[in-house]
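# Structural characterization, general
Read off the chains here:
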Amino acid sequence: MAEQKINNIDVSEYPHINRGLDGIVAFSTTKSSIDGKTGELIFSGYHIETLAENATFEELCFLLWNDRLPNKKELDELNQKLRSKRNLPEPVLNYIKTTNKKAEPMSVLRTSVSMLADFQDSEANDTENAIAITAKIPTIIAAFDRARKGKEIVAPLKIGSTAYNFLYMLNGEKPGQAAERTMDLCLVIHAEHGMNASTFTCRTICATESDMFSAVTGAIGALKGPLHGGANTAVMNTLLTLKEQDEVADPIAFTKEKLENKEKIMGFGHRVYKVFDPRAVHLRKMSKELSEETGHEYLYKWSEAMVKTMKDEKNIDPNVDFFSATVYYSMGIQPDLYTCIFAMSRVAGWTAHFFEQKANNRLIRPRALYVAEKNKDWVPVEER
Ligand code: ACO
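Residues numbered from 1 in each chain as written. Predicted model: local features only at pLDDT ≥ 70, side-chain atom pairs only at ≥ 80, totals over all residues. Heavy atoms only, no water.

The helix and strand inventory of the chain stands at 16 helices and five strands. For a compact globule of 384 residues, the expected C-alpha radius of gyration is about 21 Å, and the chain comes in at 22 Å, within 12% of that figure. Structurally, the chain occupies a C-alpha span of about 70 × 60 × 50 Å along its principal axes. Looking at the chain as a whole, 50% of its 384 residues are labelled buried. A sequence separation of at least 24 residues applies to 74% of the contacts in the chain between residues at least 6 apart. (Helix = DSSP H or I, 4+ residues; strand = E, 2+ residues; numbered from the N terminus. Rg over C-alpha atoms; globule rule 2.2 N^0.38 Å. Buried < 20%, exposed > 50% of the residue type's maximum accessible area, 1.4 Å probe, protein only. Contact = heavy atoms within 4.5 Å.)

This is the structure in structure tokens:
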């Protein structure tokens, strides 16, 4: 074998290092299938297009948790359970009210989910935990947004869908059917996506036989990063930077300049998809319609100009985060909440993977190749 050196150490004897675990298959799963070459995405047997047209977020939770769709009675029961668990324990609510108003919403969400563990019934099983976490995340997000704006916190309703109730708690008024459907569709689209970084984190924590609250807390931490879920907030910040430039805003020149400077354009590229992300197809349509309805068509036009420039210059397509940003913006939602909304949906996938990992568990423990010196002599501190 030819000599290959890292840090002057011959590593040709060792297995190849897969940076970023690219292409490594670590688990089998029944939760989702992604074909990066054709852009096919399936959740537990159903194509994303079928789900986007027909499913509610609650149906999708049931599907991901049970690998089958619920019948009417099962769906009613799940809805009932989710509605009954929306309230937050008083200490968690107090934390949300009193924490730094300038804190990042994703940090507040992460801490709040972690706190929930302390107030959960110790007898609760994993299904009850999954329902409780899924039900409470929207309440946490809406409560913090209102608290930081000095507005009164709106208690969750005991009726309505997750999407309806979230918008109600966020805005303090009941949403219309169109807004509820848009939010529900966003929740459906974001609910699951194979071995992405946050789901891998969730499974890694689960595999140590830790609890679901810890696993979801860790997953939220992973989702927060701009290379993962945090990209949707970053996309909106990019578009808002262009907006500030007013009449001279030029999304094509902006994109080209960033590429020349070897900067990443947020909302583009994907580890698995080498074609248009199928989730972005739905969001693109919603983005166009909503931007036009709300007088933000310039944002949609700039987005399309960036899509074309990225395709021409780098042959890179947008991912799920690109058009979701303008969808949420058109709904009047503040950009730093976008990643929280992602978490509000992805919790369905995280918890589904938690069940799957636990049912067939093995500790997740890869290796790292040591590439530094060995046999160094100890030097006393005074002599260093
Ligand atoms: N802008 C510009 N160039 C890009 C982008 C981008 N958004 N994405 C990939 N590239 C280029 C890289 O510069 C690199 O080019 P090079 O070979 O000339 O150096 C090549 O494409 C491969 O990129 P990697 O970063 O090595 O690809 P990887 O699979 O590791 O990364 C990732 C995937 C992190 C999503 C990347 O595309 C990226 O950083 N995108 C921007 C952030 C983003 O939108 N993240 C959300 C992803 S979807 C989700 O997690 C929900």
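There's plenty left to go through after this.
Neighbouring the ligand are 21 residues; H228, K264, I265, G267 and R271 lie closest to it. At a separation of 2.8 Å, an oxygen atom of the ligand approaches a polar side-chain atom of K264. Within the contact set of the ligand, an oxygen atom lies 2.9 Å away from a side-chain nitrogen or oxygen of N319. Isolated, the ligand exposes 910 Å² of accessible area, and the fraction of that covered by the protein chains is 66%. Counting only elements with at least two residues in the shell around the ligand, the list comes to α14 (297-314) and α15 (320-330). Of the residues contributing to the shell around the ligand, the split by class is 11 nonpolar, five polar and five charged. (Near = heavy atom within 4 Å. Polar contact = N/O pair within 3.5 Å; in protein donor to acceptor, adjacent residues only side chain to side chain. Areas by Shrake-Rupley, 256 points an atom, 1.4 Å probe, with all protein chains shown as cover. Nonpolar A, V, L, I, M, F, W, Y, C, P; charged D, E, K, R; others polar.)

Attention now goes to the pairing of strand β4 (residues 40-43). Walk down a regular strand and you will see the side chains alternate between the two sheet faces. As judged from the four bridges shared by strand β3 (residues 32-35) and β4, these two strands associate in the antiparallel manner. Bridging from a neighbouring strand, I34 pairs with L41 of β4. Between β3 and β4, which pair antiparallel and follow one another directly, the connecting turn spans four residues, one of which, G39, has a positive phi of 80 degrees. The pairing of β4 with strand β5 (residues 46-47) spans two bridges and is antiparallel. Bridge pairing in β5 links F43 to Y46. (Pairing = 2+ DSSP bridges.)

Using the criterion set out here, one finds zero disulfides in the structure. Between C61, a free cysteine, and C202, which holds the nearest cysteine sulfur, the sulfur-to-sulfur gap is 14 Å. Overall, the relative accessible area of 0% leaves C61 in the buried class. Just so you know, C202 is unpaired, no disulfide at all, and the nearest cysteine sulfur is the one on C206, 6.6 Å from it. On the basis of relative accessible area, C202 is assigned to the buried category, the value being 0%. (Disulfide = S-S within 2.5 Å.)

Taken residue by residue, helix α9 (residues 197-207) has S198, T199, C202, R203, C206 and A207 as its buried positions. In the core, the buried residues of α9 are packed alongside α10 (212-223) and α16 (338-359). Positive phi shows up at E209, right after α9, with a value of about 70 degrees.

Counted under the stated rule, the structure contains seven aromatic pairs. A ring pair is formed by Y300 and F323, whose centres lie 6.2 Å apart and whose planes are at 40 degrees; its orientation type is tilted. Placement of Y300 in helix α14 and of F323 in helix α15 is noted, with a sequence separation of 23 residues between them. By relative accessible area, F323 is classed as buried at 0%. Connected via pairs of aromatic rings, a cluster forms that spans F268, Y300, F322 and F323. (Phe/Tyr/Trp six-rings, centres within 6.5 Å; stacked < 30°, edge-to-face > 60°.)

This model, assessed by the stated rule, comprises 19 salt bridges. Where R68 meets E74, a salt bridge forms, and the shortest distance between an N and an O atom there is 2.7 Å. Judged by its relative accessible area of 39%, R68 falls in the partly exposed class. In this structure, the salt-bridge partner of E292 is K288, at a minimum N-O distance of 3.0 Å. Here E292 pairs with K288, and both are found in helix α13 (residues 278-293), just four residues apart, close to one helical turn. One network of salt bridges, in which partners are shared, links D145, R148, K149 and D336. (Salt bridge = Lys/Arg side-chain N within 4 Å of Asp/Glu carboxyl O.)

Here we take up α16. The α-helix winds at 3.6 residues per turn, so residues separated by three or four positions along the chain end up facing the same way. Taking 1.5 Å as the rise per residue, α16 with 22 residues should run 32 Å; its terminal C-alpha atoms sit 32 Å apart, in good agreement. Approximately 40 degrees is the largest bend angle found in α16, and it occurs at R346. Counting buried residues along α16, 20 of its 22 residues qualify, which places the element largely inside the surrounding structure. (Expected span 1.5 Å × (residues − 1). Bend = angle between axes of the 7 residues up to and from the residue.)

Bringing the domain arrangement of the chain into the picture now. By the assigned domains, the chain splits into domain 1 (32-223 + 337-359) and domain 2 (231-330). Contact with domain 1, which involves 22 residues of that partner, is made by 22 residues of domain 2. Ranking the residues of domain 1 by area buried against domain 2 places G36, I189 and Y338 at the top, with a combined share of 34%. Summed over the shared surface of domain 1 and domain 2, the result is zero salt bridges. Counted by class, the side of domain 1 that touches domain 2 contains 11 nonpolar, seven polar and four charged residues. (Domains from an automatic or database assignment. Buried area = accessible area lost by both parts, 1.4 Å probe.)

Right, let's get into the packing of α15 against α16. Two elements in contact, α15 and α16, have axes whose closest approach is 10 Å; the angle formed by their N-to-C orientations is 110 degrees. With respect to α16, the element α15 is oriented roughly perpendicular. Two secondary-structure elements touch here, α15 through V320, D321, A325, Y328 and Y329 and α16 through Y338, I341 and F342. Residue composition of the contact of α15 with α16, by class: seven nonpolar, no polar and one charged. (Axes fitted to C-alpha atoms, helices over the stretch in contact; angles between N-to-C directions. Parallel < 35°, antiparallel > 145°, perpendicular 65-115°, else oblique.)

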